[in-house]
Amino acid sequence: MKLNQDAAIAAIATAPAPGAVGIIRISGRDSEIIAERLFFPKSGGKLTERPARSAVFGEIRGEKGEVLDNALAIFFPGPASYTGENTVELQCHGGPALLQTVLDRVLACGARMAGPGEFTRRAFLNGKMDLTQAEAVADLISADWDGAVKNAAAQLSGTYGARIRAVYESLRSVAAAYTAVMDYSDQNVSYPDTGSAAKELSLAGDTLRELVRGARSGQILRDGLHTAVVGRPNAGKSSVFNRLLGFSRSIVTDEAGTTRDVVTEKVCVGGVPLRLADTAGLREGTTAPERMGIALARSEADRAGLILAVFDVSAPLTAEDEEVLSLAGENIICLCNKCDLTIDNVTKTRLENTFSTCIPVSAVTGEGFDALASAVTRAAGFSGVRFDGSLVTNARQRDMLCRAAELVRDAITALELGAEDALWGCVTEACEAVGSVLGIAVPEDVEKEVFSRFCIGK
Ligand SMILES: Nc1nc2c(ncn2[C@@H]2O[C@H](COP(=O)(O)OP(=O)(O)O)[C@@H](O)[C@H]2O)c(=O)[nH]1
Ligand SMILES: [Mg+2]
């Protein structure tokens, strides 16, 4: 097999901070020759004379032969490397300035600086991974929650891509069958079996819809659920916020109007990553800064995916509570806070009649916070969700899968009506949409498939 190799690129692969080890990666044509210009094994000889993929200890030397670092070098001959190309990894000491010096030396010896994601792009172009796996690499690196790590790791392993590929293959076979009928109808092509086409389409539609259904949770898993804690002054917003975080981040006092800036922290509640925002109490503000804080609070509530509406259930509702009551709707959890005190039953009943989810809590004793965690799990659609790589976390993929699901539905309608042209059009487009998730360009592909499956014009 001829190795597809582009000119060598190089970059520092580790984080730009002091660490025990820092890695410089070189990939592409003549990577090993470039490495041999600056890396000299302690035991003599050359890197490429040693067994492939073994760690070789040696010196990295500068232009005049001066030692820049002691390092390990590993040569991965393509195609058995991350990118599929010849690759060398230099494991140096992890000082940012040192790594920059070594990288400059690598560049001086013939490599060019890699662009963002270029190693993974080459891996994709060389067929080492499909596009879902390439995107999973980026997700895995940026994941800052346990569940997001698991989901991205599972997607990287390829099970998710394989599921999408199965949909792609079945759509492609339907498209191919109808392409043959339409293009070569005068050449005695056998007519596709509508029963099996209907079955393939309905199975594909089921899988696509299931994937799309999980997309909201997937996006939350990746980006966190934007959650605003709102309520009138002194309802206990900052106390609830602090308890969810597990430490005192916001100031708690019985003086109304303390919290003005929006205080935001990341926290995992009920297995759901939240971007939790504590806000100023909603009321007619008394001073300019407080009024500005209140305006910020309103806009936080507007753009939040989830609202935690905090009420003091030990006191009668006030005019200031009315605005919060008016927020009632989907994606809002009502917290009947201060349930450790004597409960005002009129308040309690009004809250229960207004909100579909009402939870008695005490930010002081912690009572009710388990129930709150479960409510958050449900609100995020995380109940029973497994982080097995089946969650679509990526907006591009979600849009394409959504589009494909709609097209498949239209194709089924067309099939029922016997409208072959429309059916073919929908399936081909659906196929392209699914293919683009995997990074496959389709039309030519479909054409090839036609010729491989049908004996035409003999
Ligand atoms: N007894 C009791 N007091 C609370 C509770 N939550 C908050 N408080 C008190 O209510 C006052 C206002 O709390 P804070 O969190 O600053 O309210 P915010 O203005 O809504 O942020 C403080 O004195 C808190 O100690 C609770 O669950 N029980
Ligand atoms: Mg506050």
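Residues numbered from 1 in each chain as written. Chains lettered and ligands numbered in written order. Predicted model: local features only at pLDDT ≥ 70, side-chain atom pairs only at ≥ 80, totals over all residues. Heavy atoms only, no water.

## Section: the overall build of the chain
Helix and strand content of the chain: 16 helices and 13 strands. For a compact globule of 458 residues, the expected C-alpha radius of gyration is about 23 Å, and the chain comes in at 30 Å, more than 25% above that figure. With the C-alpha coordinates aligned to their principal axes, the bounding extent of the chain is approximately 80 × 75 × 35 Å. The burial tally for the chain puts 47% of its 458 residues in the buried class. Counting contacts in the chain only where the partners sit at least 6 residues apart, residues at least 24 apart contribute 66% of the total. (Helix = DSSP H or I, 4+ residues; strand = E, 2+ residues; numbered from the N terminus. Rg over C-alpha atoms; globule rule 2.2 N^0.38 Å. Buried < 20%, exposed > 50% of the residue type's maximum accessible area, 1.4 Å probe, protein only. Contact = heavy atoms within 4.5 Å.)

## With respect to the packing of aromatic side chains
In this description, a pair of aromatic rings is defined by centroid distance and the angle of the planes. Per the stated rule, a full pass over the model turns up two aromatic pairs. On the numbers, 5.7 Å between centres and 50 degrees between planes, the contact of Phe311 with Phe355 is tilted. Here Phe311, found in strand β11 (residues 306–312), pairs with Phe355, found in the loop between α12 (345–354) and β13 (358–360); they are 44 residues apart in sequence, far enough to count as distant. Given the relative accessible area of 0%, Phe311 is considered buried. For Phe355, a relative accessible area of 4% translates into the label buried. Above the face of the Phe369 ring, Arg243 is positioned so that its terminal group lies 6.0 Å from the ring centre. (Phe/Tyr/Trp six-rings, centres within 6.5 Å; stacked < 30°, edge-to-face > 60°. Lys NZ or Arg CZ within 6 Å of the ring centre and 35° of its normal.)

## Side note on the site of ligand 1
Near ligand 1 you find 18 residues, and of these Asn234, Lys237, Ser239, Asp340 and Ala363 are the closest. One nitrogen or oxygen atom from the side chain of Ser362 is found 3.3 Å from an oxygen atom belonging to ligand 1. Ala363 places a polar main-chain atom, nitrogen or oxygen, 2.8 Å from an oxygen atom of ligand 1. Protein chains bury 85% of the 570 Å² of accessible surface belonging to ligand 1 in isolation. Element by element, the count of residues in the shell around ligand 1 is highest for helix α9 (residues 237–245), at three residues. For the shell around ligand 1, the per-class residue count stands at six nonpolar, seven polar and five charged. (Near = heavy atom within 4 Å. Polar contact = N/O pair within 3.5 Å; in protein donor to acceptor, adjacent residues only side chain to side chain. Areas by Shrake-Rupley, 256 points an atom, 1.4 Å probe, with all protein chains shown as cover. Nonpolar A, V, L, I, M, F, W, Y, C, P; charged D, E, K, R; others polar.)

## As for the domain arrangement of the chain
Here the chain is described as being made up of domain 1 (9–128), domain 2 (157–214 + 392–453) and domain 3 (227–379). Distance between the C-alpha centres of domain 1 and domain 3: 53 Å. (Domains from an automatic or database assignment.)

## What to know about the nonpolar core
Judged by nonpolar contacts, the single largest core of 34 residues is most densely connected at Leu171 and Leu201. Aside from chain neighbours lying at most four places away, what touches Leu171 is Leu201, Ala204, Val408, Val427, Ala430, Cys431 and Val434. Leu306, Ile333, Phe369 and Leu372 belong to the second-largest nonpolar core, a separate cluster that totals 33 residues. (Core = buried A, V, L, I, M, F, W, Y, C linked by side-chain atoms within 4.5 Å.)

## As for the pattern of salt bridges
Taken as a whole, this structure holds 25 salt bridges when the rule is applied. Of the charged contacts in the structure, one is a salt bridge between Asp146 and Lys150, with a shortest N-O distance of 3.2 Å. Here Asp146 pairs with Lys150, and both are found in helix α5 (residues 146–156), just four residues apart, close to one helical turn. Overall, Asp146 belongs to the exposed group, its relative accessible area being 54%. Measuring nitrogen to oxygen at the nearest pair gives 3.9 Å for the salt bridge that ties Arg232 to Asp312. Placement of Arg232 in the loop between β8 (225–231) and α9 and of Asp312 in strand β11 is noted, with a sequence separation of 80 residues between them. The same class applies to Arg232 as to Asp312, namely buried. (Salt bridge = Lys/Arg side-chain N within 4 Å of Asp/Glu carboxyl O.)

## With respect to the sheet that holds β11
Across the sheet, which stays open at both edges, the six strands sit in the order β9-β10-β8-β11-β12-β13 with mixed pairing between neighbours. The sheet is open, and its two edges are formed by β9 (263–269) and β13, each paired on a single side. Sheet twist, expressed as the mean angle between neighbouring strand axes with direction ignored, is 25 degrees. Pairing of β8 with β11, which is carried by five bridges, proceeds in the parallel orientation. Bridge pairing links Ala228 to Ile307 in β11. Most of the contacts of helix α8 (residues 215–223) go to strand β10 (residues 272–278), to which it runs at about 65 degrees, and overall it touches β8 and β10. Helix α13 (residues 369–379) contacts β9, β10, β11, β12 (332–337) and β13 of the sheet and is inclined by roughly 170 degrees relative to β12. (Pairing = 2+ DSSP bridges. Axes fitted to C-alpha atoms, helices over the stretch in contact; angles between N-to-C directions.)

## Observations regarding the sheet that holds strand β3 (residues 39–41)
Spatial strand order, β3-β4-β5-β6-β2-β1-β7: seven strands in an open sheet with mixed pairing. At either end of the open sheet lies a strand with only one pairing partner, and these are β3 and β7 (112–113). Strand contacts of helix α1 (residues 31–38): β2 (19–27), β3, β4 (56–61), β5 (67–76) and β6 (87–94), with the helix running at about 75 degrees to β3, the strand carrying the most contacts. On the sheet, helix α2 (residues 96–108) packs against β1 (9–12), β2, β4, β5, β6 and β7 and is oriented at approximately 150 degrees with respect to β6.

## Some details on the side chain of Asn86
Looking at the element boundaries, Asn86 is found in the loop between β5 and β6. Here the side chain of Asn86 touches Glu32 through a polar contact of 3.4 Å, side chain to side chain.

## So, the pairing of β12
Two faces belong to every sheet, and in a regular strand the side chains alternate between them. For β12, the tally of buried residues reaches six of six residues, placing the bulk of the element in the interior. Alternating residues of β12 divide into Ile332, Cys334 and Cys336 and Ile333, Leu335 and Asn337, and every residue in both groups is buried. In terms of strand pairing, β11 meets β12 through six bridges, oriented parallel. Of the residues in β12, the one forming a bridge with Ala309 is Cys334. The pairing of β12 with β13 spans three bridges and is classified as parallel. Following the sheet pairing, Cys334 is matched in β13 by Cys358.

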